[in-house]
Amino acid sequence: MKVIVMTGGSSGFGAVAAGRLTGSGAKLLVGARSGAGAAPKSRRGSSAGEKFRPLSPSPSENPATLELTSLESVRTFASEVRAHLDGRAIDGLLLNAGLIKQDDAGRTLDGFEITFAVNHLAHYLLLRLLLPDLADGATVVLTSSGTHDPATGAGLATPRHADATLLAHPDQDEGRDSDPKKAGEHAYTASKLCAVLTARHLVRLPEPRHLNVIAYDPGQVFGTGLARDLSAPLRLAWSVLGTPAGAPLRWFKHDLNTRTSAGHALADLALDEVTPPPGRTYAALRRGRLDWPDPSDLGRRDDLAEKLWDDSARLVGVA
């Protein structure tokens, strides 16, 4: 029985993946987004809390809360995962939770820009804390996005850099867009570039174990919780396009995928039913099929990947 730890498994294609994983017999420790009042609110932002509960044949006796806007909560969560597993190794780590905001003005409890903190820093810290507990041959999947690459023409502001300090404190970034909406988009797309670079560096570490490491681009998947912090018209459009009414669009855009296909692809990666070709760490779902293209020019730079790894370690307080 595989042991898999997952964030972002309570809605959207993450919930589809969670159902597929439990159906396979895996012991799944997955987050369920907390309700109002179940986790503290970040500054000017909604709760990014996740309630830890296994969706597996053996229920948890000790559920805990994971608040992705609090690094202390991430540390507590990692400790409680270890206690729950009681020495058993982790076969899969799926870092799937994410959000996008209307701007980059919000700050977490630790003082970092919310989108970057939730999409990258919290998951980076969880990865570092659980890295010693990964089994030989374990799979690590970081959910990325094709929006990190200008070549996809996604329509969002594309990343100018992957400087962790400037992304954590965008008011220090001299190139910051004066349009709040574009600044918010940049925070999102840059955080997804960070997922690509984190995967690239992780696979190059002198680990004593072999790890399968993948930055997963699910394509554009409407009807998920990603748009929950955007404006009401955008939330409505996102929801409607996630229904059968949005199906005709998939005939025209190769990067549009259903929640089912995106979730099944994520589960396939976690269960090692699909493994990376040699030298590949970026997987993109296109028309329901996984491909292994090159990421963006920035996403292929080892110097940026190493700097991001080291700067992120400093920001979250690990060696």
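Residues numbered from 1 in each chain as written. Predicted model: local features only at pLDDT ≥ 70, side-chain atom pairs only at ≥ 80, totals over all residues. Heavy atoms only, no water.

## Quick word on the overall build of the protein
Spelled out, the test is: Working definition: helices are DSSP H or I runs of at least four residues, strands are E runs of at least two. Numbering for both runs from the N terminus. Think of it in three bands: with a 1.4 Å probe and only protein chains considered, a residue is buried below 20% of the maximum accessible area for its type, exposed above 50%, and partly exposed in between. When checking whether two residues touch, look at their non-hydrogen atoms; a contact exists if any pair is within 4.5 Å. Residue exposure ignores everything except the shown protein chains as possible cover, and the areas themselves are Shrake-Rupley values with a 1.4 Å probe.
Across its full length, the protein holds eight helices and nine strands. Per-residue burial for the protein yields a buried fraction of 54% across its 319 residues. In the protein, once contacts between residues fewer than 6 apart in sequence are set aside, the share between residues at least 24 apart is 74%. Split by element, the accessible area of the protein, about 13,100 Å² in all, is 53% carbon and sulfur.

## Some remarks on empty space enclosed by the protein
To keep it simple, the criterion reads: Note on definitions: the grid is 1 Å and covers protein atoms alone; a cavity is a set of points where a 1.4 Å probe fits but cannot get out; a pocket is an open set with protein on both sides within 12 Å along at least five of seven lines; lining residues have an atom within 4 Å of a point. Grid points are joined across faces, edges and corners, and a volume is the space filled by probe spheres set on the points. In this classification, the charged set is Asp, Glu, Lys and Arg, the nonpolar set is Ala, Val, Leu, Ile, Met, Phe, Trp, Tyr, Cys and Pro, and all remaining amino acids, among them Gly, are polar.
The full count for this structure, using the stated rule, is two cavities of 30 Å³ or more. In this structure, the largest cavity occupies an estimated 100 Å³ of space. If you list the elements that add at least two residues to the lining of the largest cavity, you get helix H4 (164-168) and helix H5 (180-202). Top element by residues in the lining of the largest cavity is H5. It accounts for three residues. Residues of the lining of the largest cavity, tallied by class, amount to six nonpolar, one polar and six charged. Approximately 80 Å³ is the volume attributed to the second largest cavity. Asn119, His123, Leu142, Thr143 and Ala195 are the residues nearest the centre of the second largest cavity, which is lined by 13 residues in total. Within the residue set of the lining of the second largest cavity, elements represented by two or more residues are helix H3 (114-130), strand E6 (134-143) and H5. Of the residues forming the lining of the second largest cavity, the biggest block, five residues, is contributed by H5.

## Regarding the side chain of aspartate 104
Note the cut-off: Pairs of N or O atoms are called polar contacts if they sit within 3.5 Å, as long as, within protein, a hydrogen donor faces a hydrogen acceptor (for residues adjacent in sequence, only side-chain-to-side-chain pairs).
Along the chain, aspartate 104 turns up in the loop between strand E5 (90-95) and H3. Judged by its relative accessible area of 6%, aspartate 104 is buried. Within the local environment of aspartate 104, its side chain forms a polar contact with the side chain of arginine 176, the two groups lying 2.7 Å apart.

## Some points on the confidence of the model for the protein
Test applied: Values of pLDDT, the confidence the predictor places in each residue, fall between 0 and 100.
The share of residues in the protein with pLDDT of 70 or more is 79%, and the mean pLDDT across the chain is 84. This stretch, residues 35-47, has a pLDDT under 50; its non-local contacts, to residues over four places away or in other chains, come to 34 contacts. Segment residues 234-238 is flagged for pLDDT under 50; beyond a separation of four residues in sequence, or across chains, it makes 10 contacts in the model.

## Some points on the environment of leucine 95
Looking at the secondary structure, you find leucine 95 in strand E5. Its relative accessible area of 3% is what places leucine 95 among the buried residues. Not counting chain neighbours up to four residues away, the residues in contact with leucine 95 comprise Thr7, His123, Leu126, Leu127, Val141, Leu142 and Thr143.

## Details of unusual backbone geometry
Peptide bonds are trans in most cases, and residues, glycine excluded, mostly fall at negative phi. The phi dihedral of aspartate 272 falls on the positive side, at around 60°, and the residue is not glycine. By the secondary structure assignment, aspartate 272 is in the loop between helix H7 (259-270) and strand E8 (282-286). Phi is positive for arginine 287, close to 50°, though the residue is something other than glycine. Relative to the helices and strands, arginine 287 resides in the loop between E8 and strand E9 (289-291). Judged by its relative accessible area of 48%, arginine 287 falls in the partly exposed class.

## A short note on the side chain of threonine 198
Looking at the secondary structure, you find threonine 198 in helix H5. For threonine 198, the contacting residues outside a window of four places in its chain are His120, Tyr124, Leu127, Leu142, Leu308 and Trp309.

## Description of the nonpolar core
Heads up, the condition is: What we call a nonpolar core is a set of buried Ala, Val, Leu, Ile, Met, Phe, Trp, Tyr and Cys residues that are connected through their side-chain atoms within 4.5 Å.
Ranked by size, the top nonpolar core spans 58 residues in total, and within it Val5, Val81, Leu93, Leu127, Leu130, Leu134 and Leu202 carry the most contacts. With sequence-adjacent residues up to four places away left out, leucine 202 is seen in contact with Leu127, Leu131, Val140, Leu211, Val213 and Trp309. Formed by 24 residues, the second largest nonpolar core is a distinct cluster that contains Val30, Val141, Leu271 and Ala283.

## Quick notes on the pairing of E8
Spelled out, the test is: Note on pairing: two strands pair once DSSP finds at least 2 bridges between them.
A large share of E8 lies buried, amounting to five of its five residues. Sheet topology note: the strand E7 (residues 212-217)/E8 ladder contains three bridges and is parallel. Considered in E8, the bridge of tyrosine 216 is made with alanine 283. In terms of strand pairing, E8 meets E9 through three bridges, oriented antiparallel. Of the residues in E9, the one forming a bridge with arginine 286 is arginine 289. Here E8 folds back onto E9, and the loop between the two strands holds two residues, one of which, arginine 287, carries a positive phi near 50°.

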